[in-house]
Amino acid sequence: FAQFDSTLQRWKGFDIDFCHAMAAALFRGQVEGRVDLIPYLTTKAASRALAEEEVDVLAATTPLSLKMEVERDVVTGLSITLPHYYDGLVYAGIPQYAACAAETQTIREDCKDLKICAIEGTGIFKKLPFNEEFLRLDPSFAQSVDDLKNGLCNVIAGRSTELSEEDIRQQGYVGDYIVLPDTSVDAEPFSYITRYDDAHWSDFVNWVVGGAIHAELEGVTQETALQMPSVSLFGTELRDMFRDAMATSGNYGEIYARNLEIYLPREGLNQLNVSPFGPQHYPWPEVGNNN
């Protein structure tokens, strides 16, 4: 979703492309020097930075995670865009034990040594249907990967966005590896988060996300960006916002294919839902929309 390329000395990824699309839509096609990308280690720190106006958009999180992990006074001050990605609980690691975890099986003989690494206090941790004896609680995802490498656990619980095989191999894990979903847990929607007290900007970001999805539905690509309509949603100066965003980053399908397809093949809720409600218009489970 966001990764720093040390060779090119720049950030790249799914969220980066959407940030560039927002900048292009706002600054009439200009992106260079218009986007500051600030990494935060925790959801709590990132949401606090947004609430204190250090940043304008919060990416790489879910409304449900905010609800479960962040103080109530921060959560109620935020607005949520259309979902742009759905992800759920997965178990990844040694195939035998990942299968045990996915089946919530701890009694069978080949599952008795199951040990799941999880980050304490996160939304994923709170969903785990296991007693403490089968869990190893870590302070960070990096620590969970180290524990898997060192045999302190045989499975990591997390989201597929965190646990693709390529990412784990890059962190030094060399053993057998598989990623299996927990089908008993609903997928969570990822959305871009903005401040509730800036309704104009919140609407703008939401329209950029919706425009990328709509463009794919209509078959408009980065090469045919001029087919996007001119609009007066935010005044005549930004009448080409959709064209500028599309020319910079492309439609949703192009952004996905460029950044995620090799790691997370597009399927399920991340495909266009053309009937009966429209593209990717699914509700946020358990979370209200302040827009």
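Before reading on, note that the structure itself is shown above.
Residues numbered from 1 in each chain as written. Predicted model: local features only at pLDDT ≥ 70, side-chain atom pairs only at ≥ 80, totals over all residues. Heavy atoms only, no water.

Asker: When you look at helix 9 (residues 199–218) in this model, what are you seeing that I'm missing?
Answerer: Residue pairs three or four apart in sequence face the same way in an α-helix, which turns once every 3.6 residues. With 20 residues, helix 9 extends 28 Å between its outermost C-alpha atoms, agreeing within 8% with the 28 Å of an ideal straight helix rising 1.5 Å per residue. Every buried residue of helix 9 is listed here: W201, S202, F204, V205, V208, V209, G211, A212, I213 and A215. Where helix 9 terminates, the next one or two residues include G219, which has phi positive at roughly 80°. (Helix = DSSP H or I, 4+ residues; strand = E, 2+ residues; numbered from the N terminus. Expected span 1.5 Å × (residues − 1). Buried < 20%, exposed > 50% of the residue type's maximum accessible area, 1.4 Å probe, protein only.)

Asker: What is the right way to read the nonpolar core from this model?
Answerer: As a rule of thumb, nonpolar side chains are buried together in soluble globular proteins. With 32 residues, the main nonpolar core has F14, F18, Y192, F204, M241 and Y252 as its most contacted residues. Breaking this core down by element, the ones donating at least two residues are helix 1 (14–26), helix 9, helix 10 (241–249) and helix 11 (252–259). For F204, the contacting residues outside a window of four places in its chain are M22, A25, L26, F234, L238 and M241. L89, L114, I116 and F130 belong to the second largest nonpolar core, which has 17 residues in total. (Core = buried A, V, L, I, M, F, W, Y, C linked by side-chain atoms within 4.5 Å. Contact = heavy atoms within 4.5 Å.)

Asker: Which parts of the structure should I look at to understand the sheet that holds strand 9 (residues 178–181)?
Answerer: Sheets are built from strands that pair by backbone hydrogen bonding, the pairs being arranged parallel or antiparallel. In space, the five strands of this open sheet follow the order 7-6-8-5-9, with mixed pairing throughout. Strands at the two margins of the open sheet, each flanked by one partner only, are strand 7 (135–138) and strand 9. Taken over all neighbouring pairs, the strand axes of this sheet differ in orientation by 30° on average, direction set aside. Where strand 6 (residues 116–119) lies against strand 7, four bridges are found, and the strand directions are parallel. Note that in strand 7 the partner of I119 across the bridge is D138. Packing against the sheet, helix 5 (residues 95–102) makes contact with strand 5 (89–93), strand 6, strand 8 (155–159) and strand 9, and its axis sits at approximately 5° to strand 9. (Pairing = 2+ DSSP bridges. Axes fitted to C-alpha atoms, helices over the stretch in contact; angles between N-to-C directions.)

Everything listed here is a matter of geometry and, on its own, says nothing about what the molecule does.
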